[in-house]
Amino acid sequence: MKIVLQNLTKTFPSRNKKNRADVIAVNDCTFEIPDGRLIGLLGPSGCGKSTTLNLICGLLKPTSGKIYFGDDDVTTLAPEHRGVGLVFQNYALYPHMTVKQNIIFPLENLKGEKKLTKQQMEEHALETAKLVQIEELMERRPSELSGGQQQRVAIARALVKMPRVLLLDEPLSNLDARLRLQTREELRRIQKETGITTIFVTHDQDEAMSISDMIVVMNEGVVQQIGKPQDVYDNPVNLFVARFLGTPPINVFEGKIYGNTLYIGENAVLTTQGLSDMDVYVGIRPEGFIPEENGPFVCRLNRVEVTGRDSSVISTHTCSLNGTIRSIINSDCVINTETDTVRFSLKPHKVCLFHKETKERIYFSGNESTQRRQ
């Protein structure tokens, strides 16, 4: 089911007695979610992603704008008639019911032609339980299940009616790190097997990038960028997106362009043909550093952390906005820790320039055309 949001806006009355201006939670959002894809709705707390999800499922009514499921305008349609399955952060299972009863519950509310017999409901429940691999837990109650098992029950309950759209509101945030990794892989498997258009809301960019076909990055109610996860990581349109995506985060410096050359402090680090002289912010991904004995970028060495496959060179620079600089290099590369400094050359396709005032992206020769090169 294709979903289209058209100039979608949601405002709430201000509770601030000193400032009566409405709070804009979602601000004129327009984008399309293709049929059968898993979309990550991503951003920091308060960016409007959960509000957008609630608008799509009908729990909230938009202040303005339209919502389409395929060619159907569902903007004013009641939630129960939209054909959506919703999985909450806290699972919201009925504690007095068994797993089977929790899964069957949405089927008991079907009416008219969609009404099922008891046997049909049990068959549907078992099929869905097998899909999420909890068929052996059908007679247990939620209190007898682990967090991951409870999450699977919540997903099964949302899937049992085979909804047109599956909506997941931070469903993994209550799980420990290992279980989160396992469950997000299961979510991807389930979505692939069912082919249901799925929207996955999270503030964890690792989760969104690892399983999504496409991510929508939001901030302060505004869509910042939409695209494939790797494309958005490699090619951020502004400084916010660049800083929000990436673990470790991008290293940001104050720099300047002078005579077709990028300077960070006194170091002439890169050629930037075709750009006027200006002050800029310079973003360098951790993997964008190449240790070289005579490299042009000189940093003060702090320490080297070896983490198996990779090493992290921790350093500082007076122009850095991050406090410390983290450079990811191959662990086979030897860094002389007896010196006070470390020198790097830079990979142009891992360097992003941003306007000092607008913080929008500036492209330069050798940067845009090689952006996807690894």
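Heads up: these notes are all about the structure in this document. All figures in this text were calculated on a predicted structure; none of them were measured in a lab.

What about the overall build of the chain?
- Along the backbone of the chain there are eight helices and 21 strands.
- For the C-alpha atoms alone, the extent of the chain along its principal axes is close to 75 × 45 × 45 Å.
- When the 374 residues of the chain are sorted by exposure, 48% land in the buried category.
- Here the contacts in the chain between residues at least 6 apart in sequence split such that 65% fall between residues at least 24 apart.
- When the accessible area of the chain is evaluated, it comes to approximately 18,600 Å², of which 46% is carbon and sulfur surface.

Describing the sheet that holds strand β5 (residues 72–73)
- Strand order in this open sheet of four strands is β2-β1-β4-β5, and the pairing throughout is antiparallel. The strands lining the two open edges of the sheet, one partner per strand, are β2 (23–33) and β5.
- As judged from the seven bridges shared by strand β1 (residues 3–12) and β2, these two strands associate in the antiparallel manner. Within β2, the residue paired with valine 4 across the bridge is glutamate 32.

Some thoughts on the pattern of salt bridges
- Under the criterion given, the structure shown has 14 salt bridges.
- Between aspartate 234 and lysine 350 there is a salt bridge, with its nearest N and O atoms 3.5 Å apart. In this pair, aspartate 234 sits in helix α7 (residues 229–234) while lysine 350 sits in the loop between β19 (341–346) and β20 (351–355), placing the two residues 116 residues apart along the sequence. Accessibility classification places aspartate 234 together with lysine 350 in one group, the buried group.
- Among the ionic contacts, a cluster of salt bridges with common partners joins Arg152, Glu186, Arg189 and Glu193.

With respect to helix α5 (residues 177–194)
- Its 18 residues place the ends of α5 26 Å apart at the C-alpha level, agreeing with the 26 Å of an ideal helix rising 1.5 Å per residue.
- Every buried residue of α5 is listed here: Arg180, Thr183, Arg184, Glu186, Leu187, Arg188, Ile190 and Gln191.
- In the stretch just after α5, glycine 195 is the one whose phi turns positive, near 70°.

Topic: the nonpolar core
- One finds Ile103, Ile134 and Leu159 to be the most contacted residues of the largest nonpolar core, which totals 34 residues.
- Among the secondary structure elements, those contributing two or more residues to this core are α2 (99–108), α3 (118–131), α4 (147–159), β7 (165–169) and α5.
- No other element matches the six residues that α4 contributes to this core.
- Excluding residues that lie within four positions of it along the chain, isoleucine 134 makes contacts with Val99, Ile103, Ala129, Arg152, Val153 and Ala156.

Observations regarding the environment of arginine 300
- As for its position among the elements, arginine 300 is in strand β16 (residues 297–306).
- Separated by 92 residues in sequence, arginine 300 and alanine 208 place their C-alpha atoms 34 Å apart.

Here's the deal with the sheet that holds β19
- Across the sheet, five strands lie side by side as β15-β19-β16-β17-β18; this open sheet has antiparallel pairing. Two strands lie at the open edges of the sheet, namely β15 (289–291) and β18 (325–330), each paired on one side alone. Neighbour-to-neighbour, the strand axes of the sheet open up by a mean angle of 50°, direction not taken into account.

Things to note about the packing of aromatic side chains
- This structure, assessed with the given rule, holds five aromatic pairs.
- Look at phenylalanine 289 and phenylalanine 344: their rings are 5.0 Å apart centre to centre, the planes differ by 65°, and that puts the pair in the edge-to-face class. Placement of the pair is phenylalanine 289 in strand β15 and phenylalanine 344 in strand β19, with a sequence separation of 55 residues. You'll find phenylalanine 289 and phenylalanine 344 in the same group, each marked buried.
- Three or more aromatic residues joined by ring pairs form one cluster here, namely Phe253, Phe289, Phe297 and Phe344.
- Lysine 10 extends its terminal NZ or CZ atom over the ring of phenylalanine 12, reaching a point 5.2 Å from the ring centre.

Considerations on the environment of isoleucine 134
- Mapped onto the fold, isoleucine 134 is located in the loop between α3 and α4.
- Judged by its relative accessible area of 1%, isoleucine 134 is buried.
- Separated by 34 residues in sequence, isoleucine 134 and lysine 100 place their C-alpha atoms 9.9 Å apart.

Digging into the side chain of arginine 361
- Relative to the elements of secondary structure, arginine 361 occurs in strand β21 (residues 361–362).
- Arginine 361 gets classed as buried once you look at its relative accessible area, which sits at 9%.

Brief notes about unusual backbone geometry
- Cis rather than trans, the peptide bond between threonine 247 and proline 248 has omega equal to -5°.
- Tracing the backbone through its elements, the reader meets proline 248 in the loop between α8 (239–244) and β11 (251–257).
- Located in the positive-phi region is glutamate 170, a residue other than glycine, with phi close to 45°.
- Its place among the elements puts glutamate 170 in the loop between β7 and α5.
- Positive phi is not limited to glycine here, since lysine 359 has a value of about 65°.

Conventions and cut-offs
Residues numbered from 1 in each chain as written. Predicted model: local features only at pLDDT ≥ 70, side-chain atom pairs only at ≥ 80, totals over all residues. Heavy atoms only, no water. Helix = DSSP H or I, 4+ residues; strand = E, 2+ residues; numbered from the N terminus. Buried < 20%, exposed > 50% of the residue type's maximum accessible area, 1.4 Å probe, protein only. Contact = heavy atoms within 4.5 Å. Areas by Shrake-Rupley, 256 points an atom, 1.4 Å probe, with all protein chains shown as cover. Pairing = 2+ DSSP bridges. Salt bridge = Lys/Arg side-chain N within 4 Å of Asp/Glu carboxyl O. Expected span 1.5 Å × (residues − 1). Core = buried A, V, L, I, M, F, W, Y, C linked by side-chain atoms within 4.5 Å. Axes fitted to C-alpha atoms, helices over the stretch in contact; angles between N-to-C directions. Phe/Tyr/Trp six-rings, centres within 6.5 Å; stacked < 30°, edge-to-face > 60°. Lys NZ or Arg CZ within 6 Å of the ring centre and 35° of its normal.

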